[in-house]
Amino acid sequence: MRIALSVLAAAVTAALIIILNTTMLLPAPLGKLLSPQHGVWQNAEKANEDFTADLKFPQLNGKVNVYLDERLVPHIFAEQENDAYFVQGYLHAKFRLWQMELQTFAAGGRVSEILGEKGLNHDREFRRLGMVYAAEIAAKEMERDPVLKAECDAYTAGVNTYIEALTESTLPVEYKLIGYKPERWSNLKTALFLKYMCYDLSAREDDFEMTNAKSYFSSDDFTKLYPAIQDSLDPIIPKGTTFPTQKIFPKAPANADSVYLNTKETVAVENEKPDRGNGSNNWAVSAAKTKNAAPILCNDPHLGLNLPSLWYEVQISTPAFNAYGVSFPGAPGVVIGFNDSCAFGVTNGGRDVRDYYEIQFKDDSRQEYLFNGVYHSTSFRIDTIKIKGKPDYIDSVAYVQLGNDWCPVMFDKAYNGGRTGNTKNYAVRWTAHDPSTDLKYFNLINRASNYTDYLAAAVYFKSPGQNCAFACKNGDIAMRTQGNWPAKWKGQGDFIMPGTDTSYLWQGMIPQDEVPFQYNPERGFISSANQKPVDETYPYYIGRNYPMYRGFQINRRLSAMSNITPQDMMALQTDNYNALAEMIMPLFLKGIKENELNNDEKKYLDLLKGWNLRNDVGSKAATIFETFWENFQDTVFNDEFAKAPKVIMHPFESSLLEGLLKDSAYKFLDNINTSQTENLADEVTAAFKKTALELKKAELAGKLDWEKYKATHVDHLAKLAPFSKTNLPIGGGVHNINATKQTHGPSWRMVISLTKETEAYGVYPGGQSGNPGSKYYDNFVDQWATGKYYTLWMMTKGEEKDKRVKAMMSFSKS
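None of the values given here were measured: they were computed from a predicted structure.

1. So, the overall build of the chain
Link 1 in the chain: Within the chain, the regular secondary structure consists of 22 helices and 28 strands.
Link 2 in the chain: By the compact-globule yardstick of 28 Å for 814 residues, the chain fits well, its C-alpha radius of gyration being 27 Å.
Link 3 in the chain: Over its C-alpha atoms, taken along the principal directions, the chain stretches across nearly 85 × 65 × 60 Å.
Link 4 in the chain: Counting all 814 residues of the chain, 62% fall into the buried class.

2. Remarks on the side chain of Ser317
Link 1 in the chain: Relative to the assigned elements, Ser317 resides in strand β7 (residues 312–317).
Link 2 in the chain: Residue classification places Ser317 among the buried positions, given a relative accessible area of 11%.
Link 3 in the chain: Side-chain polar atoms of Ser317 contact the side chain of Asn322, separated by 3.5 Å.
Link 4 in the chain: For Ser317, the contacting residues outside a window of four places in its chain are Ile76, Phe77, Ala78 and Asn322.

3. Here's the deal with the sheet that holds β7
Link 1 in the chain: Read across the open sheet, the eleven strands follow the order β1-β28-β2-β3-β7-β8-β9-β10-β18-β19-β21; overall the sheet is mixed. Unpaired on one side and paired on the other, β1 (53–57) and β21 (517–519) mark the two borders of the sheet. Averaged over all pairs of adjacent strands, the angle between their axes in this sheet comes to 15 degrees, without regard to strand direction.
Link 2 in the chain: Relative to strand β18 (residues 466–472), strand β10 (residues 342–348) runs antiparallel, the two sharing seven bridges. Looking across to β18, one finds that Ala343 is bridged to Ala471.
Link 3 in the chain: In the packing of helix α3 (residues 81–107) onto the sheet, the strands contacted are β1, β2 (64–69), β3 (74–78), β7, β8 (322–327) and β28 (805–813), and the crossing angle to β7 comes to about 160 degrees.

4. What to know about the sheet that holds strand β20 (residues 497–498)
Link 1 in the chain: One open sheet accounts for six strands, arranged β14-β15-β16-β17-β11-β20; its pairing is mixed. The open sheet has two free edges, formed respectively by β14 (379–387) and β20, since each of these has just one partner strand.
Link 2 in the chain: Pairing of strand β15 (residues 390–402) with strand β16 (residues 405–411) involves four bridges; the strand directions are antiparallel. Each residue of the ladder has a partner; that of Tyr399, found in β16, is Pro408.
Link 3 in the chain: Where helix α10 (residues 207–216) meets the sheet, it contacts β11 (354–359), β16 and β17 (425–430), and its direction lies at approximately 65 degrees from that of β11.

5. Some words on the confidence of the model for the chain
Link 1 in the chain: Residues at a pLDDT of 70 or more form 93% of the chain, whose mean pLDDT is 93.
Link 2 in the chain: Helix α1 (residues 3–20) is the least confidently modelled element of the chain, averaging 41 in pLDDT, while β7 averages 99, the highest of any element.
Link 3 in the chain: This stretch, residues 3–26, has a pLDDT under 50; its non-local contacts, to residues over four places away or in other chains, come to 44 contacts.

6. Let's talk about helix α19 (residues 653–662)
Link 1 in the chain: For α19, the buried fraction is high: seven of the ten residues fall into the buried class.
Link 2 in the chain: All buried positions along α19 are accounted for by Ser654, Ser655, Leu656, Leu657, Glu658, Gly659 and Leu660.
Link 3 in the chain: Packed against the buried residues of α19 are α11 (219–225), α14 (549–560), α16 (579–591), α18 (620–641) and α20 (680–700).

7. Quick word on the packing of helix α6 (residues 131–144) against helix α7 (residues 146–164)
Helix-helix packing is described using two parameters, namely the angle between the two axes and the distance between the axes.
Link 1 in the chain: Orientation of α6 relative to α7, taken along the N-to-C sense of each, is 110 degrees, at an axis distance of 5 Å. Relative to α7, the element α6 is oriented roughly perpendicular. Taken together, the residues of α7 that come into contact with α6 (itself represented by Met142, Glu143 and Arg144) are Pro146, Leu148, Lys149 and Cys152.

Basis of the calculations
Residues numbered from 1 in each chain as written. Predicted model: local features only at pLDDT ≥ 70, side-chain atom pairs only at ≥ 80, totals over all residues. Heavy atoms only, no water. Helix = DSSP H or I, 4+ residues; strand = E, 2+ residues; numbered from the N terminus. Rg over C-alpha atoms; globule rule 2.2 N^0.38 Å. Buried < 20%, exposed > 50% of the residue type's maximum accessible area, 1.4 Å probe, protein only. Polar contact = N/O pair within 3.5 Å; in protein donor to acceptor, adjacent residues only side chain to side chain. Contact = heavy atoms within 4.5 Å. Pairing = 2+ DSSP bridges. Axes fitted to C-alpha atoms, helices over the stretch in contact; angles between N-to-C directions. pLDDT = per-residue confidence, 0-100. Parallel < 35°, antiparallel > 145°, perpendicular 65-115°, else oblique.

Next comes the structure, spelled out in structure tokens:
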């Protein structure tokens, strides 16, 4: 039994950790955990478990057959479309129920019900951000659409049908370890999950940090550290593109310079933030650039690496469509994948669609707020937060109407992200609060057969905004930087804005026909890697800070490639070349004072000189460079930031590189705390000496090789070590196309060649089952770490007896 030892270890570990007060879980009574009849032993799967079943349910209208292949991927064949969603919900619950529920508890601000009081800050923040408010609006909007309502109702019914059949012994192991039971699913929970993705992909909001930076630095220094555009930018839409005639002309208020750009320090800030690296790569190459004369589409979304995985692989075949790819446990349909005609993928748009406004209440009662010279009545949402082992916590959240939009006052005297000293009130305006039916995109793209269908689907993707890539067997390729994007004047939303009148409100959304896009471009490919989508000729302001180096390298490689094969694309997705290092290394090597280095330092420098600029497994030089680069940034900027507010935006990574490329006497090289004037050589040498001390420790610990130093691991969602995969032998890094970091990276790699018989490959770092006792729990991880792919089998009718089919589940009406 695979699970036996690991569960015992987990139970003991959880018990010890709770004593030490460092765990996120409160374990159930040990006797109940180890009960032979109902405890964790029941979660051990047999070596050759047969998933074959004949199931009958009254909610079905026709017959559904599910063929599970050797990787436990279900191939769902349904006579009626909504029955397919019912079965998808059932399978998601069967294999990923605890994960689904945990994510919606987190999204809805309910983790205190599981964790106790230590979850209270999270719950208050998420409720004050308006996560449930946003999900309620989205659920109502979805249910106004009869197609989406039927789809979600069927999916929810499938989830609940599985939940209703659970017994104490068949509960997923995490429920037993933590000591609670699942509750019924709802369409609201599906909406909550989708809003959680909106939150996770909105990490580019830095209003408080940027406000303090603007207050702390001079205007000239601020511009150097936080420029609006990067010289090295290679945008999603190529430079020189002519954009449509501008329809909206957002205008900055007359007092912007004196009021908005002169805001003083604030102490409020979020208690937690999504990973800024949440992004992705996607691209498609035209038939003219491929060996088989067919378009190839590739996608690898970069998200947190967890077990169970965010993704669940599936094929859904109905009379209306036949799609294959990955789905979200918690929502119906295929998110990234392909069908019989086309392939589709997304990367994060990365724009700032969440802004904060300072609100003036009449008094501490918050009953009235000032807007356009008049006091208006506040609306209140009274949140009751249940806390395990404690009395309920009642939080009163004020909502104010800014123009036509009701916005929650996220920070006030009662809550400021866990920090003290805030006396101001800040409301949040976020596109996720707007009515939308984003699920309609998945519904339509799953059945798309041409570019027109793709366009019809894309307009429904409003939040989170995404770069939607498309390729079709007829040869079309396309990219839309799709979303509900505020039409902003330059600088709007970078800092906290006054919320006392209409002058600082958003003045509309960028019209859909002005959303940047490409369709069959002359260069023969489309691509995005979360870089800024357009150059400075685009008429609307879309923010400052975007990652550049993956996009630069992808575009350079694709431009030079021809006779491309799927294997070439797999190699490109897993490429570890470091484009940032290529740009900065000549300056480092030219500047360093070799005569001042000791023997250890010279040894590391020699390794760095011989580096091939690749963050590969086994590379010691990659470790040296990445450590050196971090220390160099600290050496250059720590003196300037020593007395800065604690809540502050650190300089854009590209600012230092581009500043040095423009001027080797870059202003910030000089240490303001010393009497002499430091130069590039001084700073490079000082940083390298500090780096050598860290490298020596790593070398003595046997961790100088890049993959050991980086130590990529895929953690169980509850951080239970026995259910996690650690020390994976994988290269890559934040500046590589293979953007694998310690706990973050390519969460699904996919390559689709749209030949007559589609050639498809994919892999994700997990497994289809959420049960740590199953051989299907993490069986893809090693394949993923070594850069290998599985062939994706789009099963067809008549292949029911294929040797890849290992079990069949039959669903029909009772």
